[in-house]
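Next come the chains, spelled out residue by residue.
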Amino acid sequence: MDHTDTAAMPSSADAPPQVDITLDVNDTEHHLRFDSRVTLLDALRDHLGLTGSKKGCDQGACGACTVLADGRRVVACLALAAQYEGRKITTVEALSPNGEPHPVQAAFARHDAFQCGYCTPGQIMSAISLIAEGRATSDEAIGEFMSGNICRCGAYPNIRAAIRDVVAGA
Ligand code: FES
Ligand code: FES
């Protein structure tokens, strides 16, 4: 006996539209097909297996999902993946291709700029962009421009110290 509830099953007319897109992530092109509503964060984590970018709030409020698009910060949980075709996406996985930590990663380690580490990939991506923008000019400026990256462990003084350290050594 077939107990399938066909009334509850979505018809093909209800199926979300699929899109074919090419995403350039960490200098590799990926040809993907998925629901047009997939966020950049879910595309990275669920379709490409790049789980370094974290899902915290999933509503743009914590910064844990921060990645770079053409060098600029993006909260990937609010970005539709399909809108990022043709952009160069950089995630935390790209920072140490030869096993050598990126200078910002090394500074975070030196300054104990994390506890649980959940916010850390987003903090590091945000810090890299902030430093490249030349805006990490003071503790106040760092605090202001990193205000979208929340750390529930309260590692803010150490995060600021790590960023100051990189700027001083640049
Ligand atoms: Fe994207 Fe919180 S998970 S901002
Ligand atoms: Fe735990 Fe930032 S290190 S949330």
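Conventions and cut-offs
Counting starts from 1 at the beginning of each chain's written sequence and moves along it residue by residue. Whichever chain is written first becomes A and whichever ligand is written first becomes 1, with later ones labelled in order. Local features in this predicted model are restricted to residues whose pLDDT is 70 or higher, and side-chain atom pairs enter the listing and the counts only when it is 80 or higher, whereas totals over whole chains, interfaces and linings include all residues. Working from all heavy atoms in the structure, the side-chain values ignore hydrogens and water. Within this document, salt bridges are pairs made up of a side-chain nitrogen of Lys or Arg and a carboxyl oxygen of Asp or Glu, the two lying within 4 Å of each other. The helix count covers DSSP runs of H or I at least four residues long, the strand count covers runs of E at least two residues long, and both are numbered beginning at the N terminus. Accessible area is worked out with a 1.4 Å probe on protein chains only. A residue is then buried under 20% of its type maximum, exposed over 50%, and partly exposed in between. Along the chain, pLDDT gives the predictor's confidence residue by residue, from 0 to 100. Here a residue-residue contact requires only that any non-hydrogen atoms of the pair lie within 4.5 Å. When DSSP finds two or more bridges between a pair of strands, those strands are recorded as paired. For helices, the fitted line uses only the C-alpha atoms of the stretch in contact; every axis is such a line through C-alpha atoms, and the angle between N-to-C directions lies from 0 to 180 degrees.

**Considerations on the pattern of salt bridges**
Applying the stated criterion across every chain, the model contains 13 salt bridges. Across the salt bridge formed by Asp42 and Lys55, the nearest N and O atoms sit 2.8 Å from each other. Remark: Lys55 occurs in the loop between helix H1 (40-47) and strand S3 (66-69) and Asp42 occurs in helix H1; sequence separation between them is 13 residues. Using a relative accessible area of 30% as the deciding quantity, one classes Lys55 as partly exposed. Between Glu133 and Arg135 there is a salt bridge whose closest N-O contact spans 3.4 Å. Owing to a relative accessible area of 36%, Arg135 belongs among the partly exposed residues under this scheme. When salt bridges that share partners are traced, they join Arg72, Arg73, Glu133 and Arg135 into one network.

**What to know about the confidence of the model for the protein**
Mean pLDDT over the protein: 92, with 92% of residues reaching 70 or higher. Here residues 1-9 is modelled with pLDDT under 50, and outside its nearest four sequence neighbours on either side it reaches one contact, counting other chains as well.

**Things to note about the sheet that holds strand S2 (residues 28-35)**
Pairing within the open sheet is mixed, and its five strands lie in the order S2-S1-S5-S3-S4. Edge strands, defined here as strands with exactly one partner in the open sheet, are S2 and strand S4 (72-75). The sheet shows a mean angle of 40° between the axes of neighbouring strands, taken without regard to direction. Where S3 lies against S4, four bridges are found, and the strand directions are antiparallel. Counted as the bridge partner of Thr66 is Val75 from S4. Helix-sheet contacts for helix H3 (residues 120-132) involve S3, S4 and strand S5 (88-90), and the interaxial angle to S3 is about 35°.

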